[in-house]
Amino acid sequence: MGVETWLKVLPAPVRDALNDLPVAQIYEIRLRVNAPAVVTIDARNFTLDTPLITREDLDNVVHCAAEYAIYAVLDQMVQGFITIRGGVRIGLAGELVMTDGQVTAVTNISSLCLRLPHQVKNCAYPVLPYVFDRKRPYKTLIIAPPGAGKTTLLRDLAKQISVKFQALNTLILDERGELAAAYQGENQLDVGNADVITGGNKSFGFLNGLRSLRPDVVITDEIATADDVAMVRNAARSGVTVIASTHAAALDEVRNKPYLSDLFNDGVFDRYVVLTTGERAGEVVGVFDRRGQRL
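Structural notes, computed from the coordinates. (Residues numbered from 1 in each chain as written. Predicted model: local features only at pLDDT ≥ 70, side-chain atom pairs only at ≥ 80, totals over all residues. Heavy atoms only, no water.)

### A look at the overall build of the protein chain
What the protein chain contains, in helices and strands, is ten helices and 13 strands. The C-alpha atoms of the protein chain give 19 Å as radius of gyration, which agrees with the globular expectation for 295 residues (19 Å, within 12%). Its C-alpha atoms put the protein chain at 55 × 45 × 35 Å along the principal axes. Partitioning the contacts of the protein chain with sequence separation of at least 6, the portion at a separation of at least 24 is 60%. For the protein chain, the accessible area works out to roughly 14400 Å², and carbon and sulfur atoms hold 46% of it. Between the mean site of the 31 positive side-chain charges and the mean site of the 34 negative ones, the protein chain shows a separation of 8 Å. (Helix = DSSP H or I, 4+ residues; strand = E, 2+ residues; numbered from the N terminus. Rg over C-alpha atoms; globule rule 2.2 N^0.38 Å. Contact = heavy atoms within 4.5 Å. Areas by Shrake-Rupley, 256 points an atom, 1.4 Å probe, with all protein chains shown as cover. Lys, Arg positive; Asp, Glu negative; His and termini not counted. Charge placed at Lys NZ, Arg CZ, Asp CG, Glu CD.)

### As for the sheet that holds strand S2 (residues 38-41)
Sheet architecture is open: six strands sit in the order S3-S2-S1-S6-S5-S4, paired in antiparallel fashion. In the strand order of this sheet, the two ends are held by strand S3 (44-47) and strand S4 (81-84), each with one partner. Strand-to-strand twist across the sheet, computed as the mean angle between neighbouring axes with direction ignored, equals 35°. Pairing of strand S1 (residues 26-32) with S2, which is carried by four bridges, proceeds in the antiparallel orientation. (Pairing = 2+ DSSP bridges. Axes fitted to C-alpha atoms, helices over the stretch in contact; angles between N-to-C directions.)

### A look at unusual backbone geometry
Negative phi is the rule for most residues except glycine; trans is the rule for most peptide bonds. A positive phi angle, close to 65°, is found at Asn34, a residue other than glycine. Relative to the helices and strands, Asn34 resides in the loop between S1 and S2. The phi angle at Glu67 is positive, at roughly 55°, despite the residue not being glycine. Here Glu67 shows up in the loop between helix H3 (55-65) and helix H4 (74-77). Judged by relative accessible area, which is 53%, Glu67 ranks as exposed. (Buried < 20%, exposed > 50% of the residue type's maximum accessible area, 1.4 Å probe, protein only.)

### Examining the pattern of salt bridges
Oppositely charged side chains may form a pair once their charged atoms are brought near each other. This structure, assessed with the given rule, holds ten salt bridges. Residue Glu28 is joined to Arg115 by a salt bridge in which the shortest nitrogen-to-oxygen separation is 3.5 Å. Here Arg115 lies in strand S6 (residues 102-115) and Glu28 lies in strand S1, a separation of 87 residues in the sequence. A relative accessible area of 15% places Glu28 in the buried class. Across the salt bridge formed by Arg290 and Asp270, the nearest N and O atoms sit 2.3 Å from each other. Placement of the pair is Arg290 in the segment after strand S13 (283-289) and Asp270 in the loop between helix H10 (260-265) and strand S12 (271-276), with a sequence separation of 20 residues. Residue classification places Asp270 among the buried residues on the basis of a relative accessible area of 9%. (Salt bridge = Lys/Arg side-chain N within 4 Å of Asp/Glu carboxyl O.)

### As for the layout of surface pockets
A volume near 620 Å³ is recorded for the second largest pocket. For the second largest pocket, the lining is made up of 29 residues, of which Gln76, Thr83, Ile84, Arg85 and Tyr183 are closest to its centre. Within the residue set of the lining of the second largest pocket, elements represented by two or more residues are H3, H4 and S4. Residues of the lining of the second largest pocket, tallied by class, amount to 13 nonpolar, ten polar and six charged. (1 Å grid on protein atoms, 1.4 Å probe; cavity = no way out; pocket = protein on both sides within 12 Å on 5 of 7 lines; lining within 4 Å. Points joined across faces, edges and corners; volume = space filled by probe spheres on them. Nonpolar A, V, L, I, M, F, W, Y, C, P; charged D, E, K, R; others polar.)

### Thoughts on the sheet that holds strand S9 (residues 194-198)
Spatially, S9-S8-S10-S11-S7-S12-S13 is the arrangement adopted by the seven strands of the open sheet, whose pairing is mixed. Each end of this open sheet is capped by a strand with a single partner; those strands are S9 and S13. With direction set aside, neighbouring strand axes in the sheet form an average angle of 20°. Strands strand S8 (170-174), S9, strand S10 (217-220) and strand S11 (241-247) of the sheet are contacted by helix H7 (residues 202-212), whose axis makes an angle of about 160° with S8.

### A short note on the nonpolar core
Counting residues in each nonpolar core, the largest one holds 32 residues, and the members touching the most others are Leu10, Ile29 and Leu31. For this core, the secondary-structure elements that each account for two or more residues are helix H2 (12-17), S1, S2, H3, S4, strand S5 (88-99) and S6. The dominant element in this core, judged by the number of residues it contributes, is H3, at five residues. Aside from chain neighbours lying at most four places away, what touches Leu10 is Arg15, Leu18, Ile29, Leu31, Val61 and Leu114. (Core = buried A, V, L, I, M, F, W, Y, C linked by side-chain atoms within 4.5 Å.)

### A short note on the pairing of S12
Of all the six residues making up S12, five are buried; the element is thus mostly covered by neighbouring parts of the structure. Where strand S7 (residues 140-144) lies against S12, four bridges are found, and the strand directions are parallel. Note that in S12 the partner of Leu141 across the bridge is Tyr272. With six bridges joining them, S12 and S13 adopt antiparallel strand pairing. By the bridge assignment, Val273 is partnered in S13 with Val287.

Structure, rendered in structure tokens:
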């Protein structure tokens, strides 16, 4: 990911304030109206010495991120984000416009959160002995709170699968464009020899991907809803190895969460990898089998 890609969307004073920081180690940048900018480095927040962010600053960031074609990113905005080149996701907070119970627009934006993806090669090495069998990977769920490295680990697992299991077809369902960061059909982050569907929801990805791309392995991020769980269950029943992630702080949370608890109780996943922010993002707390026993 070219650093200049996301730097150019920031207000000039924020760009200047980043000059003295290790830019490559920044995970998030938060811009809130009437407040200075805040950056996150290794799970620690630092307030920058910048002028207070204005609403005009936020509007300019959004328009620049949309390449001055807001209509082209409206579908993303009503889901609460914009993804720009390089896989950088900009989360939006503001006033929602509702029509017939559906969000149709976001107005009066009050804060933005830029989440910067990091390619950490070989970061999956510590868990490979637990999640790879001789012939194929185990069905695996990555469990972690936000910012703990779920997507980074999934990305490297995709790469490692293409190295160890060259005969397997891997499909990545990159709903928010963060795993492979595809731009105009080209992956900007290394996910190995995988097919990538970007932008479609998981229902579309699972149904159409399984029919048309014949994957042996499907990798997807952030399962949470009843539809997500149904898609994972159906894929697993079809003999596909699913590797996914979900937001939780511990395996016990997954056991007690609506929908996700069904996957645990039915033994859909063979392995659970739990991450924490700890001293640094991506720290492995433990790997557990389908019964919840620590390996």
